[in-house]
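Structure assessment
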Amino acid sequence: MTSHHADAPLSKPRVDWVDVAKGICIVLVVMMHSTLGVEKAAGAEGFMHYVVAFARPFRMPDFFLISGLFLALVIDRDWRLYLDRKVVHFAYFYVLWLLIQGAFKWPGIGLEEGFGAVVHQFLISLIDPFGTLWFIYLLPIFFVFAKLVRHAPPLLVLAFAALLESLKVQTGWMVPDEFCARLFYVMLGWYAAPYVFRLADLARDHTALALAGLAAWALINGAAVFGGVAEWPIVSLALGTAGAMAIVTVAALIAGGKVAEPLRYAGERSIVVYLAFFLPMVVTRLVLLKTGIVTDIGWIALIVTVVGVVAPLVFHMIVMKTGWGTFLFVRPKAFHIDRPQERGDRRLQPAE
């Protein structure tokens, strides 16, 4: 969910299909939270349930794969700069948005169980990620792991990560559970980046072949999901990897066209959507379910998804235009640990 500049493997300020792929991912993430939230509140399922189920094997694998794509550019930086960009950056947004989300959730707990319960909730959230924010809590852990193993043989690291994924670790604590489930994809994004970019190029050069491959993948993915085998060891790893490559292929095919522009825009600001979608999602869900304007559960979930993606982007646009509240999406200088004179050649550094 980081942004990248001209040192990416293509000679553009940003790689268009990467942003489109991130856009697809962030829509799928908001869709999952929106749909499951609506269905839980309504006690019923709609047509969106099947879309969410179909995307489950690859929704997060692709996000983590893309997060690892540009690691090669930064992995050899000195620790101070690396930690600033890859750890402090996300820690700032995690704590800030934890407090913002908590402002809506904790008063109720405080009234029922007292102030101590609120403090307990906050402290627990520092070691066990809170709600929708778990992704940016885990990213820095993966980035530190990657730097620690940067001299290890890639195949050994990938084999280790594949084993962790296959173990289906379920401790009930999100950090080790998600670390084991997702490490493989971050490492794959890092090690296989040249091949991923090559795949995108091939998809653009051989459209018919790419579409045929996508059709075959969709059938296999759907069969595995609705046949109940998608979570099996090895199968889940294969589906996650294949699905991530499918999203890359789709993104490469549509990038540059008008249909992809909203996705590219959202993908470029995926961290904005990720941080801020929870409130518009909850409010829209409550309004639609309470008023009964729309009765179909599937359509309610779809509307909640659209609002969940669009509202943060509109809010971000207002913030950046007015200059008020920029700290919500841009880390202030006070929260940097790298000193400007230590940065060296600034042109070689991906933007945040």
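Refer to the preceding data block for the structure.
All values derive from a computational prediction rather than experimental measurement. Residues take numbers from 1 onward in each chain, read along the sequence in its written order. Given that this is a predicted model, residues contribute local features only at a pLDDT of at least 70 and side-chain atom pairs are listed and counted only at 80 or more, while totals for whole chains, interfaces and linings are drawn from all residues. Side-chain figures throughout are based on the complete set of non-hydrogen atoms in the structure, without hydrogens or water.

**A word on the overall build of the chain**
- Helix and strand assignments follow DSSP, with helices taken as H or I runs no shorter than four residues and strands as E runs no shorter than two, numbered in order from the N terminus. Counting its secondary structure elements, the chain contains 16 helices and 0 strands.
- To get the radius of gyration, use the C-alpha atoms; to get the globule rule, take the number of residues to the power 0.38 and multiply by 2.2 Å. Against the globule reference of 20 Å for 352 residues, the chain gives a C-alpha radius of gyration of 20 Å, in line with a compact fold.
- For each residue, the accessible area found with a 1.4 Å probe, counting protein chains only, is set against the maximum for its type, and the residue is called buried under 20%, exposed over 50%, and partly exposed in between. For the chain, the residues scored as buried account for 50% of the 352 residues in total.
- In this description, contact between two residues means that some pair of their heavy atoms is separated by no more than 4.5 Å. For the chain, long-range pairs separated by at least 24 residues make up 80% of all intrachain contacts whose partners lie at least 6 apart in sequence.
- Working definition of accessibility: Shrake-Rupley area with a 1.4 Å probe, residue cover restricted to the visible protein chains. Entry remark: accessible area of the chain is about 16500 Å², with carbon and sulfur atoms responsible for 70%.
- In this tally Asp and Glu are treated as negative and Lys and Arg as positive; neither His nor the chain ends contributes. To locate a charge, the coordinates of NZ of Lys, CZ of Arg, CG of Asp or CD of Glu are taken. In the chain, the 29 positive side-chain charges and the 25 negative ones have mean positions that sit 5 Å from each other.

**Thoughts on the pattern of salt bridges**
- A pair is scored as a salt bridge if a Lys or Arg side-chain nitrogen falls within 4 Å of a carboxyl oxygen belonging to Asp or Glu. Under the counting rule described, the total for this entry stands at 14 salt bridges.
- Linking arginine 264 and glutamate 261 is a salt bridge whose minimum nitrogen-to-oxygen distance equals 2.7 Å. Pair noted here: arginine 264 and glutamate 261 are both in helix α13 (residues 261–268), with a separation of 3 residues, about one helical turn.
- Residue arginine 264 is classed as partly exposed on the basis of its relative accessible area of 21%.
- On the basis of relative accessibility, which here comes to 36%, the residue glutamate 261 falls in the partly exposed class.

**Here's the deal with the environment of phenylalanine 277**
- With respect to the secondary-structure elements, phenylalanine 277 resides in the loop between α14 (270–276) and α15 (278–291).
- Setting aside residues up to four positions removed in sequence, phenylalanine 277 forms contacts with Val30, His33, Thr132, Gly308 and Pro312.

**Description of the nonpolar core**
- Trp17, Phe64, Leu69, Leu71, Trp97, Ile136 and Met187 are the most contacted members of the largest nonpolar core, which totals 107 residues.
- The greatest single-element share of this core, amounting to 13 residues, is contributed by helix α1 (residues 16–42).
- Ignoring sequence-local partners within four residues, the contact set of phenylalanine 64 consists of Trp134, Phe135, Leu139, Phe142, Arg182, Tyr185 and Val186. Nine residue types can take part in a nonpolar core, namely buried Ala, Val, Leu, Ile, Met, Phe, Trp, Tyr and Cys, and a core is a set of them joined through side-chain atoms within 4.5 Å.

**Observations concerning the side chain of histidine 336**
- Structurally, the position occupied by histidine 336 is in the segment after α16 (297–322).
- Since its relative accessible area comes to 17%, histidine 336 is described here as buried.

**Considerations on helix α6 (residues 115–127)**
- All of the buried residues in α6 are Ala117, Val118 and Ser125. All buried residues of α6 lie within an arc of 105 degrees about the axis, which places them on one face of the element.
- Its buried side turned inward, α6 meets α5 (79–113) and α7 (134–148). Relevant arc is that of directions from the helix axis to the C-beta atoms, nothing else.

**Brief notes about the packing of α15 against α16**
- Contact geometry of α15 with α16 gives a least axis separation of 8 Å together with a crossing angle of 145 degrees. The two elements α15 and α16 cross, and the hand of that crossing is right-handed. For the pair α15 and α16, contact is made by Pro280, Met281, Thr284, Arg285, Leu288 and Leu289 and by Ile300, Ile303, Val304, Val307, Ala311 and Pro312, respectively.
- Classifying every residue of the contact of α15 with α16 by side-chain character gives 10 nonpolar, 1 polar and 1 charged. Axes here refer to lines fitted to C-alpha atoms; in helices the fit is confined to the stretch in contact. Angles between the N-to-C directions go from 0 to 180 degrees. By definition, any crossing whose near helix is turned counterclockwise from its far helix by less than a right angle is left-handed, and any crossing with a clockwise turn is right-handed. Polar here means any residue other than Ala, Val, Leu, Ile, Met, Phe, Trp, Tyr, Cys and Pro, which are nonpolar, and Asp, Glu, Lys and Arg, which are charged; Gly is therefore polar.

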